[in-house]
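Commentary on secondary and tertiary structure
What follows is each chain in one-letter form.
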Amino acid sequence: AAKKKNWRFTSCPSTSWLETLPLVWAPRQLTMIDIGCNKGYTSAHFFSTFASQLGLNVKTVHEAVKQRLAGSKFTGGACGVCGDCNDNIPPPTPPGWPVPDVHCVEPNPSTFDLLKNTRQVHANRPGGGALADSWHIHNLGMAEADRPLMFEGTSSEKDACQNAGQETCSMVDEHSKTGVGTVTVTGSSVQSFFLKNHILSTDILKIDAEGYDPLVLEGAYPVLAAGKAKVLLFEYHGIGVWKMDANSLQAVVEKLDVYGFDCYLDGSPELTRLTRCWVPRFEFRWWSNVVCFKRDDTGLADAILNQHATFLWQ
C-alpha cells in the first residue's frame, strides 16, 4: 500500500482515467491498438468500458485463460504479473456506444493462439458474437521499421517464448546462444500497420514492448505527429533499449509535447504530470507506465488535468 502512494510506483498502472473517456467523448465507434497484448487484459478492459454488453471483461478472460492453460506449468500466471484479473469491472456502458474495433498485436506464437482461443470462447457465448469481427488478433512484432524480429525469454525463463501467456518474451538484437528458445516473427512499424489494416486513426495506442518501447515509438511518431491517436500508453524501463543514454524519457516526453500530447506517470490513484513539469528525478529508469493525452477540441486533456493530475513539486 505504501508503494502505491509513491509517485514512482507505476509498474502496474491504475488506468483510472479510462472511465473518464465515456464522459468526455461523444458516442461513436472507437478504435484501440493494443501492442504487446499478451493475455488480453487491456483489450478486455477497453471492451468492458465501451461494450459491456459483449460480456468480455478481465474476470471472464481470466477464466478462459485458466481453462486453456490447465495442466501447464504456467497456470499460476494466468492472472498476470500485476494481478490484472483482479481489476474492477467498469460500470455498464452508457447507451449509444457502438462496439469498438480492437487490434491486439502479440509476437509470441503460443500467446497468439491463447488469445484466439479466448476470443472464440467469448464469441460463442450469448451476446458475444460481435467479438469475432471486432477483436482483431495479429501475430506480429512492432519496431521502428518493417523487418524480421527475434524474441527470446530471459536467462532465468529461457522458454518464455514457447509458453502461452508468459510476459518475459522480449525482443532481442541477436540470438543469445545460451540455449534460450528464440522465435522469429514478422515485424512492422506502427505507421505501416495503420496502412496495411486501413486504420485512419486510433483513440488509444498502447505499447508494451518489454524495454523496446522506444523502437516502437520511433515507428509510431509519423502517426502521432499527424494527430491520428488521442491517447498513448507506453512502458518506461531500465532494460532493453531504454538502458541506452540516447533513449531518455525526457526526450520522448518533449517530442510528444511538440506533437500536442500531455504525458503523465500512470500512478494509483493520481497521475503525475511530466509534460512541462520535468525534473531530473523523473529519469529513474525503472519499470513504469506513462500515459499521454492529445490536446484537442474534445477537451480530454483538460478533463484529465482537472480530475486526475497531481504535480511532484506541489
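**A short note on the state of the cysteines**
- One pass over the full model with this rule turns up five disulfides.
- The connectivity of the disulfide bonds within the chain can be written as 1-4, 2-6, 3-5, 7-8, 9-10, using the sequence rank of each bonded cysteine.
- Of all cysteine sulfurs, the one in Cys263 lies closest to Cys277, which takes part in no disulfide; the gap is 11 Å.

**Points about the side chain of Arg273**
- With respect to the helices and strands, Arg273 occurs in strand β12 (residues 271-273).
- Judged by relative accessible area, which is 11%, Arg273 ranks as buried.
- For Arg273, the side chain forms a polar contact with the side chain of Asp262, separated by 3.4 Å.
- Apart from residues no more than four positions distant in its own chain, Arg273 is found in contact with Asp262, Cys263, Tyr264, Phe282, Leu305, Thr310 and Phe311.

**What about the sheet that holds strand β7 (residues 182-185)?**
- Spatial ordering of the open sheet is given by β6-β5-β7, a layout of three strands whose pairing is antiparallel. Each end of this open sheet is capped by a strand with a single partner; those strands are β6 (170-172) and β7. Pairwise comparison of adjacent strand axes, ignoring direction, gives a mean angle of 45° for this sheet.
- Note that strand β5 (residues 149-152) and β6 share three bridges and pair antiparallel. Directly across from Phe151, in β6, lies its bridge partner Met171.

**Structural notes on the nonpolar core**
- One finds Leu224, Phe234 and Leu256 to be the most contacted residues of the largest nonpolar core, which totals 48 residues.
- Considering every element that reaches this core, the biggest residue donor is helix α7 (residues 213-225), with seven residues.
- Other than its neighbours up to four places away in sequence, Leu224 contacts Leu205, Ala229, Leu232, Leu256, Tyr259, Phe261 and Lys294.
- In this structure, Leu18, Phe46, Val58 and Val291 belong to the second largest nonpolar core, which totals 42 residues.

**Some details on the sheet that holds strand β10 (residues 229-236)**
- An order of β3-β2-β1-β9-β10-β13-β11-β12-β14 is seen for the nine strands of this open sheet, with the pairing classed as mixed. Only two strands of the sheet have a single partner each, and these edge strands are β3 (135-139) and β14 (309-310).
- Inspection of the sheet shows strand β1 (residues 31-35) paired to strand β2 (residues 101-106) by five bridges, in the parallel sense. Each bridged residue has a counterpart across the sheet, and for Thr31 the counterpart in β2 is Asp101.
- Of the strands in this sheet, β1, β2, β3 and β9 (202-207) are in contact with helix α2 (residues 41-50), which crosses β1 at around 165°.
- Across the sheet, helix α8 (residues 249-258) touches β10, β11 (261-266) and β13 (288-294), and the angle it forms with β10 is around 175°.

Calculation rules
Residues numbered from 1 in each chain as written. Predicted model: local features only at pLDDT ≥ 70, side-chain atom pairs only at ≥ 80, totals over all residues. Heavy atoms only, no water. Disulfide = S-S within 2.5 Å. Helix = DSSP H or I, 4+ residues; strand = E, 2+ residues; numbered from the N terminus. Buried < 20%, exposed > 50% of the residue type's maximum accessible area, 1.4 Å probe, protein only. Polar contact = N/O pair within 3.5 Å; in protein donor to acceptor, adjacent residues only side chain to side chain. Contact = heavy atoms within 4.5 Å. Pairing = 2+ DSSP bridges. Axes fitted to C-alpha atoms, helices over the stretch in contact; angles between N-to-C directions. Core = buried A, V, L, I, M, F, W, Y, C linked by side-chain atoms within 4.5 Å.

Functional significance is not addressed by these values, which are geometric in nature.
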